[in-house]
Amino acid sequence: MTVRDLGYRAYEGERLPSSQNTWVLLRYGMWRMWGSWIVKLTILAALVSGLIAAALVAATWWVRNQTVGAGGGELPPLPGGEISSFFFNIQVWLFATVLTLRSGAGVIAEDFTFRAFQFYFAKPVTIVQYLVGRVSALTILLFSVLFVPSLFVVLPLTGISAEEHRLEMAGLLLPSFFYALIAAVALSTLSIGVSAISKSRALTMSAWIVLFVVPHVLALLVDAITDWSWLYLISIPGMLTVLREALFKITTEGSDVEWFHAGPVLGLLVAGAVAYAWNRLQKAEVIT
């Protein structure tokens, strides 16, 4: 019997709702990122940096005990907020930027190059589902790289602190969680938004590097020469620093930029990235 003699057969499997497409795209995005050896090495390096930070915290505590504590004086608590904030800054520059460059700044451009949208949107996949799946996958990865290593700093700080300071140190988990979430959402959305500016992956990745580094260097130079800090509002890492210092209650002398300045500007940038990516995806070629 040939195939054509079988006639029409109705599908007998489980019919899933169209909302399931978002989870499929999320899983595919995670699998796609994990397939890169650069991503694997970056995650490993981020975890190792957390272990190194924990060792440095323990070594600092031991040296203080041997010097100041040997005289019988009461040891002041370590500046947990400053230590955590400094560690987050290192994580963003060394590891989060690599992940956004590899798995964010070229995503939409790569899909345009290989004409993947002809198949994505020919199926019951909406632009919203595509963007949510892509952004969520990178957000989860960035949040893990930022928050998990920070535990290697907060937990030792809590363990070595005097009993009356342990609750304060343990409380650093809350601002660590919120900062990791804010940074992950902002960096993933902005990098994927930049990936929509062209079909050339090399161009979009270069544009992301320029957007991330050049305004920040310019703001640093202007602040150092003229003590005018408002230029940090055009710098993505600068605005993240302002928000981070506010969460960890760190006061920066000479800076006029507050969290209620940086927060709305960063939010507008994120919204603009989403709107631009949406507009570009609406023009994608689709097979119907």
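Each remark here, short or long, concerns the structure printed above.
Computed from a prediction, not measured in an experiment: that's the story for all the values here. (Residues numbered from 1 in each chain as written. Predicted model: local features only at pLDDT ≥ 70, side-chain atom pairs only at ≥ 80, totals over all residues. Heavy atoms only, no water.)

Participant: Lay out helix α10 (residues 236-247) in plain terms, naming residues and giving numbers.
Facilitator: Between its first and last C-alpha, α10 extends 17 Å over twelve residues, near the 16 Å set by a 1.5 Å rise per residue. What α10 keeps buried is the set I236, P237, G238, M239, L240, T241, V242, L243, R244 and E245. With a side-chain oxygen positioned 2.9 Å from the backbone nitrogen of G238, the residue opening α10 is S235. Where α10 terminates, the next one or two residues include K249, which has phi positive at roughly 55°. (Helix = DSSP H or I, 4+ residues; strand = E, 2+ residues; numbered from the N terminus. Expected span 1.5 Å × (residues − 1). Buried < 20%, exposed > 50% of the residue type's maximum accessible area, 1.4 Å probe, protein only. Polar contact = N/O pair within 3.5 Å; in protein donor to acceptor, adjacent residues only side chain to side chain.)

Participant: Describe the packing of aromatic side chains, naming the residues involved and giving the relevant values.
Facilitator: The tally for this structure, following the rule as stated, stands at 14 aromatic pairs. Consider the rings of F88 and F248, whose centres lie 6.1 Å apart with planes at 40°: the pair is tilted. Of this pair, F88 sits in helix α3 (residues 80-103) while F248 sits in the loop between α10 and α11 (259-282), and the two are 160 residues apart along the sequence. Look at F88 and you get buried, because its relative accessible area is 1%. (Phe/Tyr/Trp six-rings, centres within 6.5 Å; stacked < 30°, edge-to-face > 60°.)

Participant: Which residues make up unusual backbone geometry, and what are the values?
Facilitator: Even without being a glycine, R115 presents a positive backbone phi close to 55°. For R115, a relative accessible area of 54% gives the class exposed. One non-glycine residue with positive phi stands out, namely K249, at about 55°.

Participant: I'd like to hear about the environment of Q91, residue by residue, with values.
Facilitator: As for its placement among the helices and strands, Q91 is situated in helix α3. Q91 sits in the buried class, given a relative accessible area of 0%. Distance in space between the C-alpha atoms of Q91 and I160 is 23 Å, their sequence separation being 69 residues. With sequence-adjacent residues up to four places away left out, Q91 is seen in contact with A46, S49, A96, V145, L146 and P149. Here S49 takes part through its side chain, which lies 2.8 Å from a polar atom of the side chain of Q91. (Contact = heavy atoms within 4.5 Å.)

Participant: Provide a residue-level description of the pattern of salt bridges, including the pertinent values.
Facilitator: Taken as a whole and assessed by the stated rule, the structure comprises four salt bridges. Among the salt bridges present, the one from R32 reaches E110, with a minimum N-O distance of 3.0 Å. Here E110 lies in helix α4 (residues 107-113) and R32 lies in helix α1 (residues 20-34), a separation of 78 residues in the sequence. For R134, the salt bridge is made with D111, and the minimal N-O distance between the two is 3.1 Å. Within this pair, whereas R134 is found in helix α6 (residues 127-160), its partner D111 is found in helix α4, the two being separated by 23 residues in sequence. Across this residue pair, the class does not change: R134 and D111 are buried. (Salt bridge = Lys/Arg side-chain N within 4 Å of Asp/Glu carboxyl O.)

Participant: Describe the nonpolar core, and please don't skip the residues or the numbers.
Facilitator: The biggest cluster of nonpolar side chains holds 70 residues, and the ones touching the most others in it are I108, F117, F121, Y130, L187, W208 and L281. It is α6 that provides the largest number of residues to this core, a total of 15 residues. With residues near it in sequence (within four places) discarded, W208 still touches T97, T100, L101, A105, L187, L190, S191, V194 and I236. (Core = buried A, V, L, I, M, F, W, Y, C linked by side-chain atoms within 4.5 Å.)

Participant: Provide a residue-level description of the environment of A273, including the pertinent values.
Facilitator: Tracing the chain through its elements places A273 in helix α11. Note on A273: relative accessible area 10%, which makes it buried. Taking the C-alpha atoms as reference points, A273 and L190, 83 residues apart in sequence, are found 5.6 Å from one another. In this structure, A273 is in contact with T189, L190 and G193, ignoring residues within four places of it in sequence.

Participant: Describe in detail the packing of α3 against helix α8 (residues 173-194), supporting the description with residues and values.
Facilitator: In contact at an axis separation of 11 Å, α3 and α8 are set at 30° when each is read in the N-to-C sense. The angle between α3 and α8 falls in the class roughly parallel. Relative to α8, the crossing made by α3 is right-handed. Each of F88, V92, A96 and T100 in α3 lies in contact with α8, whose residues at this interface are S176, Y179, A180, L187 and S191. (Axes fitted to C-alpha atoms, helices over the stretch in contact; angles between N-to-C directions. Parallel < 35°, antiparallel > 145°, perpendicular 65-115°, else oblique. Left-handed = near helix turned anticlockwise from the far one by under 90°.)

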